[in-house]
Amino acid sequence: MLLTPGPTPVPEFVRKAMSDVTLHHRTPEFEAIFAKTRSLLLEILGTPECVMIASSGTGAMEACITNLCHSKALTVNAGKFGERFGKICQAFDIENTELKYDWNTPASVDDVLSAIKSDDKIDAIYIQICESAGGLRHPVEAIAKAVKEINKDIMIIADGITAIGVEKIDVSNIDAVITGSQKALMLPPGLSMIGFSDAAVVKINTKPAGYYLNLASEIKKQKQNTTAYTAATTLIIGLGSILEKIKEDGFENLYEATAKRALATREALEAIGLEVFPTSPANAMTTIYTEQSNEIRKVLKEQFNVNIAGGQDHLKGKIFRVNHMGLVEDFEAAWAVNAIEKALDVIGTRTFDGTANKVFMEINCD
Ligand SMILES: *Cc1c(COP(=O)(O)O)cnc(C)c1O
């Protein structure tokens, strides 16, 4: 059972939709699929414009650095992915200031405001909605609103790779929202997507940048339901199929089920003495801080067929992360919680008594 916060399992109906004969990308047949997928994507993103790019999520992060920062970037680093925005700036010799936090601590509105007030070169801010390294939720909407009240020309770029499809994001003050195929959207890796505000499109077109990741040429093409280079046809077909299903079931219902599962998991694991790591947990995953992370994960995998993720860098062996993204069944989430309690028994930390399951069921299935 794969319960890592990306990649997530690809549902059977999506695998089937993607297994049809190869379509040429410059045909009316594919353009119709592209148009349908594009309109569903605009709907889930909540933005007036968007692109789909054949790259992993990092490609979209890079495109947003090279196309939306014309002067200096402010990057928020509370984990691996926030750090990556800074590294991309360095790779392109783009000046950046970094706001650094512990991996369990969200950025504060005040820190961002003082950073932009003390440096008027900053014209773009890069932040994760959910920083997947520690599973924390940054207050992106509040930051975006406060920044726009001071200077509406500063671009707000939100990495929503583990947020789009997890919860409804208020994008009214966000200029670019990034997502990728292999997390909450339950597709194989290889497709990234970016939603843009009208202001972002204007800025991109004032100074087109790059070649493959040139957003000006990509937006121009995708408005006509085609792509600048060969489209990732299979993944776009899969995206259309998953978005259609999510919409049919109701976007709100997915967000609600995910939030409930996340809350039930956190409460269940706390009830058996485990410590939730981030001070502001995101609903995409539950991150637990424990020195026994490696032993627990080993037992989960070998005895209970549950695959969860560990930590990276200084949190290697100190955290574990359980995924909530996608169409996770109640019985899968409940099994994970039970298996974690059992694992604590196996390694001799706590005697099993079914507490985690009880708490989980009470909250998730009320
Ligand atoms: C997974 C992830 C990425 C990186 O995506 P890749 O597809 O691995 O390039 C970026 N940001 C966040 C928050 C992620 O979770």
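Please refer to the structure placed before this passage.
Residue indices begin from 1 for each chain and proceed along its sequence in written order. Reporting of local features is limited, given that this is a predicted model, to residues whose pLDDT is at least 70; pairs of side-chain atoms are given and counted only at 80 or more, and all residues count toward the totals for whole chains, interfaces and linings. In computing side-chain values, all of the structure's heavy atoms are included and hydrogens and water are not.

Chemist: Would you mind showing me how to read the site of the ligand here?
Modeler: The immediate surroundings of the ligand are formed by 14 residues, with Ser-56, Thr-58, Ser-132, Asp-159 and Lys-183 found nearest. Whenever a nitrogen or oxygen atom comes within 3.5 Å of another N or O atom, the pair is scored as a polar contact, on the condition that within protein one atom can donate a hydrogen and the other can accept it, and that pairs from neighbouring residues in sequence are kept only if both atoms are in side chains. In the model, a nitrogen atom of the ligand is placed 2.6 Å from a nitrogen or oxygen of the Asp-159 side chain. Note on areas: these come from Shrake-Rupley sampling with a 1.4 Å probe, and a residue is covered only by the protein chains present in the view. In the complex, the protein chains occlude 90% of the 380 Å² of accessible area that the ligand would expose alone. By residue number, the principal contributor to the shell around the ligand is helix α3 (residues 57-68), which donates three residues. Side-chain classes are defined by residue name, with Ala, Val, Leu, Ile, Met, Phe, Trp, Tyr, Cys and Pro counting as nonpolar, Asp, Glu, Lys and Arg as charged, and the others, Gly among them, as polar. Considered class by class, the residues forming the shell around the ligand number four nonpolar, seven polar and three charged. Whether a residue is near a molecule or strand depends on its heavy atoms: it is near if one of them lies within 4 Å of it. Helix and strand definitions here come from DSSP, where helices need a minimum of 4 consecutive H or I residues and strands a minimum of 2 consecutive E residues; each element is numbered from the N-terminal end.

Chemist: Can you help me understand helix α11 (residues 293-304) in this one?
Modeler: Side chains of residues three or four places apart in an α-helix project in the same direction, reflecting 3.6 residues per turn. Here, expected helix span is obtained from the residue count minus one, scaled by 1.5 Å. Taking 1.5 Å of rise per residue, the twelve residues of α11 would be expected to cover 16 Å, and the 15 Å separating its terminal C-alpha atoms lies within 8% of that figure. Here the term buried applies to any residue with accessible area under 20% of the maximum for its type, exposed to any over 50%, and partly exposed to those in between, with areas from a 1.4 Å probe on protein chains only. Of the residues making up α11, those classed as buried are Ser-293, Ile-296, Val-299, Leu-300 and Phe-304. Angular distribution of buried residues about the axis of α11 spans 135 degrees; they occupy a single face of the element. Among the exposed residues of α11, those pointing more than 90 degrees away from its buried face are Lys-298, Lys-301 and Glu-302. Residues are treated as being in contact if the distance between any of their heavy atoms lies within 4.5 Å. For α11, the elements touching its buried residues are β12 (319-323) and α12 (330-346). When we speak of the arc, we mean the arc of directions from the helix axis to the C-beta atoms.

Chemist: Help me understand the side chain of Ser-293, please; the structure alone is not making it clear to me.
Modeler: Relative to the helices and strands, Ser-293 resides in helix α11. Reaching out from Ser-293, the side chain makes a polar contact with the backbone oxygen of Ile-319 at a distance of 2.7 Å. Those residues within four positions of Ser-293 in sequence are excluded, and the remaining contacts are Gly-317, Lys-318, Ile-319 and Phe-320.

Chemist: For this particular structure, what's the right way to read the state of the cysteines?
Modeler: As used in these notes, a disulfide is a covalent bond between sulfur atoms, one from each of two cysteines. Whenever a pair of cysteine sulfur atoms sits within 2.5 Å, that pair is classed as a disulfide. Under the counting rule described, the total for this entry stands at zero disulfides. Cys-69 takes part in no disulfide bond, and the closest cysteine sulfur, belonging to Cys-89, lies 6.1 Å away. According to the relative accessible area criterion, Cys-69 is buried, its value standing at 6%. With a relative accessible area of 0%, Cys-89 lands in the buried category.

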